[in-house]
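Read off the chains here:
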Amino acid sequence: MRPLRYSINVTVDGCCDHRVIPADEELHRHAVENFSRADALLFGRVTYELMESAWRPPGARSGWVEPFARAIDAAKKYVVSSTLEQVDWNAELVRGDLGEAVQRLKREPGKGVFVGGVRLPMALAELGLIDEYEFVVHPRIAGHGPALFAGLSRHVELELVSRVELGSGAVAMRYEPKR
């Protein structure tokens, strides 16, 4: 069974608004390394549309963002949406019962599935389907914005499995749920 891994950038006060988090070369390289541990990406509609508008070719990409742009462009994508009629960009719509659909994706052979965003991971955490959480905590206080897992109905106990300090002062911490 391939694991479902969640990765998100957050400020120290828990804001996950991508507009307030600085993205540098090392952060993009870290994301590309994460992508190499997965066969597919799982997005909700909002995250899919955000990523598509930012990274879908033909975009003028050069330098250190090019490997990230290539990796996300090439990845198989699954999009959870009840409002989109169709998707492309190497993507497939996921419909029906979320838990059953994600369990099917996890049962497929492969290295793993990465999920991003805020609302979809909240639903997946409620269902106990996330096998690994990565929080890349940036040394910045935003003072606003969407907060992670606000309203989660239960505690999820986590165990730290790795920690990487980035040159920017950000710290990438990977956790697995305690079983």
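**Things to note about the nonpolar core**
Next, step 1: One finds Leu4, Tyr6, Leu42, Leu124 and Tyr133 to be the most contacted residues of the largest nonpolar core, which totals 27 residues.
Next, step 2: Contributions of two or more residues to this core are made by β1 (4-11), β2 (40-44), α4 (98-107), β5 (113-115), α5 (119-126), β6 (132-138) and β8 (171-177).
Next, step 3: Not counting residues up to four positions away in its chain, the partners in contact with Tyr6 are Val115, Gly116, Gly117, Val118, Pro121, Ile130, Glu132, Tyr133, Glu134, Phe135, Leu148 and Phe149.
Next, step 4: Trp55, Val65, Ala91 and Phe114 belong to the second largest nonpolar core, which has 19 residues in total.

**Brief notes about the pairing of β6**
Successive residues of a regular strand alternate their side chains across the two faces of the sheet.
Next, step 1: The buried count for β6 comes to six of seven residues, which makes it a mostly enclosed element.
Next, step 2: The pairing of β1 with β6 spans seven bridges and is parallel. Across the sheet, residue Ser7 finds its bridge partner in β6, namely Glu134.
Next, step 3: Here five bridges tie β6 to β8, and the two strands are oriented antiparallel to one another. Among the inter-strand pairings, Tyr133 is bridged to a residue of β8, identified as Tyr175.

**What to know about unusual backbone geometry**
Glycine aside, negative phi is the norm for most residues, and most peptide bonds take the trans geometry.
Next, step 1: Note the cis peptide between Pro57 and Pro58, where omega equals 5°.
Next, step 2: Relative to the helices and strands, Pro58 resides in the loop between α2 (45-55) and α3 (66-74).
Next, step 3: A positive phi angle, near 60°, is found at Trp89, a position not held by glycine.
Next, step 4: By secondary structure assignment, the location of Trp89 is in the loop between β3 (76-80) and β4 (91-94).
Next, step 5: For Asn90, which is not a glycine, the phi torsion comes out positive at approximately 60°.
Next, step 6: Relative to the helices and strands, Asn90 resides in the loop between β3 and β4.
Next, step 7: We classify Asn90 as partly exposed; its relative accessible area is 39%.

Rules used throughout
Residues numbered from 1 in each chain as written. Predicted model: local features only at pLDDT ≥ 70, side-chain atom pairs only at ≥ 80, totals over all residues. Heavy atoms only, no water. Core = buried A, V, L, I, M, F, W, Y, C linked by side-chain atoms within 4.5 Å. Buried < 20%, exposed > 50% of the residue type's maximum accessible area, 1.4 Å probe, protein only. Helix = DSSP H or I, 4+ residues; strand = E, 2+ residues; numbered from the N terminus. Contact = heavy atoms within 4.5 Å. Pairing = 2+ DSSP bridges.

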